[in-house]
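Single-letter residue listing:
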Amino acid sequence: MDDQKKMAIIATKGTLDWAYPPFILASTAAALGYETQIFFTFYGLQMLRKDLSGLKVSPLGNPGMPMKMPFGPKWFRGINWNMPNAIQSLVPGYEIVATALMKQTIKNNGVASIPELRELCQEAEVKFIACQMTVELFGFDHSEFIDGIEYGGAATFFEFAGETDICLYI
Amino acid sequence: MDFDKELDARGLNCPLPILRCKKALNDCTSGQVLKIVSTDPGSVKDFAAFAKQTGNELLASAEAGSEYTFFIKKK
């Protein structure tokens, strides 16, 4: 066995906020010299789409998410606009607005965008594997996903994961 | 301190300063020194950890106001 460190991640979430941990950890691991692989399954497949504009955040049922404005004077930015779930669910476009505000906050803080992080992962030769079973289950087509990924199942994941130093489920 | 290349990572947040540094080091030859300027307070610990794990030597790190400067010598 070679002495290069290895990391495997299972990415299962399909929202803008949860797209960060797998891509941040994978790109950093690659920079540190780890051979890295991400297995995208269920909602995680959304992160492999050519068009990532469908990734959104939802404050609904998420009491941990601060709702703060990314513009205006400091006192205004400090206000937490969290609404009761019942109100959030009735307001059309609530998620769209929350996502737009989140993207602005991300930009203001010098945090990379998801397309940028994904590209950095690919440049660093992080291997992306899409769960073929989920592709079929959700009625997706390979043409909806970016090039340079592999399609496989659980056994494919274990082939690499069994050799890793770090293995994460996100 | 003398350096061969400089990386401006000001305004960038985790993990971008490290990723840009890794990229810049790829363009350096062994023994060359890369200077990095960052504004991310988390980068102080991160660059030390990066150097320790990759074998590139962190020659010095300094803090001035809200800016952090690092000198890394390529392995």
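Just above sits the structure.
In this report, the structure presented in the accompanying data block is examined. This one's a predicted model, so the numbers in the text were calculated from it and none came from an experiment.

Notes on the interface of chain B and chain A
And then number 1: Contacts between the two partners involve 11 residues from chain B, matched on the other side by 11 residues from chain A.
And then number 2: Residue assignment for the side of chain B that touches chain A shows that the elements contributing at least two residues are α1 (16-26) and α2 (43-54) of chain B.
And then number 3: The dominant element in the side of chain B that touches chain A, judged by the number of residues it contributes, is α1 of chain B, at 4 residues.
And then number 4: A class-by-class count of the residues in the side of chain B that touches chain A yields 6 nonpolar, 4 polar and 1 charged.

Quick look at unusual backbone geometry
And then number 1: Cis rather than trans, the peptide bond between Cys14 of chain B and Pro15 of chain B has omega equal to 0°.
And then number 2: Relative to the assigned elements, Pro15 of chain B resides in the loop between β1 (5-9) and α1.
And then number 3: Of note, the phi angle at Phe42 of chain A is positive, near 45°, even though the residue is not glycine.
And then number 4: Here Phe42 of chain A lies in the loop between β2 (35-40) and α2 (74-77).
And then number 5: Taking the number of C-beta atoms within 10 Å as the measure of exposure, Phe42 of chain A has 16 and is therefore partly exposed.
And then number 6: For Glu125 of chain A, which is not glycine, the phi torsion reads 65° and is therefore positive.
And then number 7: Using a count of 10 C-beta atoms within 10 Å as the deciding quantity, one classes Glu125 of chain A as exposed.

Quick word on the packing of helix α1 (residues 20-31) of chain A against helix α5 (residues 114-123) of chain A
The angle between the axes and the distance between the axes are what describe a pair of packed helices.
All names here are of chain A.
And then number 1: Running from N to C, α1 and α5 cross one another at 35°; their axes reach a closest spacing of 9 Å. Viewed along their axes, α1 and α5 form a crossing whose handedness is left-handed. Contact residues: α1 offers Phe23, Ile24, Ala26, Ser27 and Ala30, while α5 offers Ile114, Leu117, Arg118, Leu120 and Cys121.

Structural notes on α1 of chain B
And then number 1: When α1 of chain B is considered as a whole, its buried residues turn out to be Leu16, Pro17, Ile18, Leu19, Cys21, Lys22 and Leu25 of chain B.
And then number 2: Each element contacted by the buried residues of α1 of chain B is listed here: α1 and α5 of chain A together with β1, β2 (33-38), α2 and β4 (67-73) of chain B.

Rules used throughout
- Residues numbered from 1 in each chain as written.
- Chains lettered and ligands numbered in written order.
- Predicted model: local features only at pLDDT ≥ 70, side-chain atom pairs only at ≥ 80, totals over all residues.
- Contact = placed C-beta atoms within 7 Å.
- Helix = DSSP H or I, 4+ residues; strand = E, 2+ residues; numbered from the N terminus.
- Nonpolar A, V, L, I, M, F, W, Y, C, P; charged D, E, K, R; others polar.
- Buried ≥ 20, exposed ≤ 12 C-beta atoms within 10 Å, placed from the backbone.
- Axes fitted to C-alpha atoms, helices over the stretch in contact; angles between N-to-C directions.
- Left-handed = near helix turned anticlockwise from the far one by under 90°.

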